[in-house]
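# Chains, contacts and geometry: an overview
What follows is each chain in one-letter form.
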Amino acid sequence: MAHYYFENTPHGKRKDGTKLNTAIHYDYISREGDYTNMKNRQEDLKITSFGNLPDWADNPRDFWQKAEEHRNKPNGRAYREFKFALQEELSLEENIKCVEKFLKETGIKDNHVYSYAIHDKTAAFSKEHRNIHCHLMFNEKIIEKNRPLEPDMYFKNYAENKLGEPTKGYRSSRDFSTKTATIDIRKLFADIVNDKFQEKGFNVSISEKSLKAQRQELIEQGKIEEAELLNRTPAPHLGNAYKNPAILEHIMEKIDETDAKADEAADGFIEQEKEENLSIQEQKIQLFANDVVIRQVAKQIQQERLRLKKEQQTKKAIAEAEEIKQEAMIITTGDICKHLDTKINEFEKKAAENLAVFKAAQKNILNEQRLELLAKDKMFNDNYSKDIKQYDKISKELKQINSILPTLYGKADKIKELSSLSRKSQELSSSRTKIGKRISAYKIELTTNHEKYTSILNQLKKENEDAISENKILYARYKYDILQVQKYKTALDKLSKEDKDTIIFSDKISPKLEHKNKLNGITSLKDLPFIINNNNTYFIIDKNNNKAVKIGDDIIQGKVPVYYLKTNDIKISIQKSNEFAFLYARKEHSNILQKKLNEHPIIQEAYKKRSQSVTDKISKIADNLVNDNMQQSRAKWQENEQTTDKTKLAEKKMYNEWSL
């Protein structure tokens, strides 16, 4: 259960008032040294962390040990400790983020040596809850990172020489020692936790304020029941008392007893008894028990309030969803034009994609000559075409060399070149002869094993024919998309010549203006200010320009006349203008129908269905217009009218008849 607890302690004290040993206190919060395995303790150490240790300290305990050694006065302090409650509604990681943010925003993260530990255990007074809290120790000396100091100078009081240069020690911060600072720090941590609650969508919060201040705020908000629950003495801290099993059992008994008495008193059976002459410890236990029970009751009230709130929100959402369902649907030429333009873009994109696929597949279609060559390659492990190409290449080189050789004969200065080319000619001739023999062997094999070659060739032809058929389909799809683009563009060109606000479909719209009608399909007239003049009701649709509409006016093509209102000290004059107010959305439906995305899920679902209905209707009207089935009347669309699906017929026809 979300609750607030925050202590600001300048070096902890023992019961006798003497200061705690700094290093031993660090061991305690970090569960180190003698506190590694404590008996009779269910507390669980979850994490320790530290920061800004000087180079001479290998670990936090080294630092705190030196801090204790240099605490030269009995009442001197080596650390300040913040002990504060974390929240069981948050995960360990989320609580750590709150602690780290607190360190950063207080300046401790950047300017002070610090150590903290988070403990998490089952709450002593309720097994259903966790007692998760943080111990934060930090040294109040402000680190100067460009002036590192050894221990003997680190903990001395700050001093300067005559030139104003620091000679020893660091300045100590005064930002955490005043009452005002404590108030600000307490509020800071409460704000950090509440921000995290809000981020997670939790409907809970904590407050650093006193019970009295919180009670006054609740009274001002009208939450009298919760306010009275805060009209109590704050629960005392029981110290180590609850660690004693016998005392803990007594505390739990007292909580049960207080709970039972509260129930009986509420039912009118008994009056709460006022106990007197109780020991101080018993008084503390009683106050603690009262506080626990009251907190439990407060949580129940809060949960019930939330349940009722959700119930009311659901009822309201259902009613609003029904209103959305009953709203008039009005579709204009502008809506259809937008849909046609979208369809044109879709078909153009599909046409481009299908054309690209067709062109890529076209490369796989082979002519007769390439099929025969591929079949021969399959016969001879892809060597046939390779040898043919190599034979042709060598032949061309030989032809070129043989044309040069006669020009070199009998020339003394060309003997070297003649010798080189002659050797090259002999090598090429030898290579060509070898390749020629292989080619001859291929031809003999093709003649003697003609059946195998024919089988391979026929298989390749079949695969090629399948590729041609597939390409015809791809081409047909491309042509179909292009045809659709042309059809939609033709329809758009025709419709674009009309006024975009012309209504071509309407339903559920009243013939005369009523309170339930909506301005621009968004704003209910009943939510607008109005005046009554000569028994006529005028709803003001534009305060700045004093424009209004009149209840009872005829609704023509989804719009009503606009009136100008003029007022003076004596009377109101009303003049009808040439302007019209629209009762339907003149802007994009998607913007209008998604205007309540942060509303209740039931309302969101109603708007989603409404949006889909409008989209389906626009699509249906557009398809009829494209297929020349659009009737010229501007009257109500007949829901039972069937649309002939020419699209599939046309596609089937093109698949069967179009060729490459």
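Refer to the structure printed above.
We now turn to the structure provided with this report. In this text, all values refer to a predicted model and were calculated from it rather than measured experimentally. (Residues numbered from 1 in each chain as written. Predicted model: local features only at pLDDT ≥ 70, side-chain atom pairs only at ≥ 80, totals over all residues. Heavy atoms only, no water.)

### Looking at the sheet that holds strand 2 (residues 44–51)
How we decide: In this analysis, strands are considered paired if DSSP registers two or more bridges between them. Runs of H or I in DSSP of at least four residues are treated as helices and runs of E of at least two as strands, each being numbered from the N terminus. To get an axis, a line is fitted to the C-alpha atoms, and for a helix only the part in contact is used. The angle between two axes follows their N-to-C directions and goes from 0 to 180 degrees. In this analysis, two residues are considered to be in contact whenever any of their non-hydrogen atoms come within 4.5 Å of each other.
If you trace the 5 strands from one edge of the open sheet to the other, you get 1-3-5-4-2, paired in antiparallel fashion. Strand pairing shows two members of the sheet lacking a second neighbour, strand 1 (6–9) and strand 2, which therefore form its edges. In this sheet, neighbouring strand axes are inclined to one another by 10 degrees on average, regardless of whether the strands run parallel or antiparallel. Where strand 4 (residues 114–122) lies against strand 5 (residues 130–138), 9 bridges are found, and the strand directions are antiparallel. What sits directly across from T122, in strand 5, is R130. Helix-sheet contacts for helix 3 (residues 92–106) involve strand 1, strand 2, strand 3 (80–85), strand 4 and strand 5, and the interaxial angle to strand 4 is about 150 degrees.

### Structural notes on the nonpolar core
For clarity, the threshold we go by: In these notes, a set of buried Ala, Val, Leu, Ile, Met, Phe, Trp, Tyr and Cys residues joined through side-chain atoms within 4.5 Å is what counts as a nonpolar core. Summary of the burial criterion: residues with accessible area below 20% of their type's maximum are buried, those above 50% are exposed, and those between are partly exposed, where the area comes from a 1.4 Å probe applied to protein chains only.
One finds F82, F84, F102, Y116 and L136 to be the most contacted residues of the largest nonpolar core, which totals 28 residues. Sorting the residues of this core by element identifies strand 3, helix 3, strand 4, strand 5 and helix 6 (179–200) as the ones contributing at least two each. Beyond its immediate chain neighbours, meaning those up to four positions away, F82 contacts F6, E7, N8, F102, I108, C134, H135, L136, F138, F176 and I185. Grouped together as the second largest cluster of nonpolar side chains are 22 residues, L366, L371, I439 and L446 included.

### Quick word on the packing of helix 11 (residues 333–362) against helix 17 (residues 601–626)
The relative placement of two packed helices comes down to the angle between their axes together with the axis-to-axis distance. How we decide: For classification purposes, angles smaller than 35 degrees are called roughly parallel, those larger than 145 roughly antiparallel, those between 65 and 115 roughly perpendicular, and all remaining angles oblique. When residues are grouped by polarity, Ala, Val, Leu, Ile, Met, Phe, Trp, Tyr, Cys and Pro land in nonpolar, Asp, Glu, Lys and Arg in charged, and all others, Gly among them, in polar.
Orientation of helix 11 relative to helix 17, taken along the N-to-C sense of each, is 75 degrees, at an axis distance of 10 Å. On the basis of their axis angle, the class for helix 11 and helix 17 is roughly perpendicular. Contact with helix 11, carried on its side by D335, I336, H339 and L340, involves I618, S619, I621, A622, L625 and V626 of helix 17 and no other residues of that element. Taken together, the residues of the contact of helix 11 with helix 17 sort by class into 7 nonpolar, 2 polar and 1 charged.

### A word on the packing of aromatic side chains
This is how the line gets drawn: Stacked, tilted and edge-to-face are the three classes assigned to paired rings of Phe, Tyr and Trp, where Trp is represented by its six-membered ring and a pair needs centres within 6.5 Å; plane angles under 30 degrees give stacked, over 60 edge-to-face, the rest tilted.
This structure, assessed with the given rule, holds 31 aromatic pairs. Ring geometry for F84 versus F189: centroids 4.6 Å apart, planes at 55 degrees, classification tilted. Linking F84 in strand 3 with F189 in helix 6, this pair joins segments that are 105 residues apart in sequence. Like F189, F84 is buried. Judged by centre distance (5.1 Å) and plane angle (85 degrees), the rings of Y154 and Y170 are edge-to-face. Remark: Y170 occurs in the loop between strand 7 (166–168) and helix 6 and Y154 occurs in helix 5 (residues 151–154); sequence separation between them is 16 residues. An identical accessibility class is assigned to Y154 and Y170; each is buried. Three or more aromatic residues link up through ring pairs in this structure, and these residues are F6, F82, F84, F102, F138, F176 and F189.

### Side note on the sheet that holds strand 15 (residues 559–567)
With antiparallel pairing, the 5 strands of this open sheet are ordered in space as 12-13-14-15-16. Pairing within the sheet leaves two strands with one partner each, and these edge strands are strand 12 (530–533) and strand 16 (572–582). The sheet shows a mean angle of 40 degrees between the axes of neighbouring strands, direction not considered. In this sheet, strand 13 (residues 536–542) lies alongside strand 12 in antiparallel orientation, the contact comprising 4 bridges. Directly across from N533, in strand 13, lies its bridge partner N536.

### Description of the packing of helix 3 against helix 6
Convention followed: With the far helix as reference, a near helix turned anticlockwise by less than a right angle produces a left-handed crossing, and one turned clockwise produces a right-handed crossing.
Between helix 3 and helix 6, whose axes approach to 10 Å, the crossing angle comes to 140 degrees. Taken together, helix 3 and helix 6 sit at an angle that is classed as oblique. Here helix 3 and helix 6 pass one another in a crossing that is right-handed. Together, E94, K97, C98, K101, F102, E105 and T106 of helix 3 and I185, L188, F189, I192, V193, D195, K196 and K200 of helix 6 make up the contact between the two elements. Of the residues belonging to the contact of helix 3 with helix 6, the class tally is 7 nonpolar, 1 polar and 7 charged.

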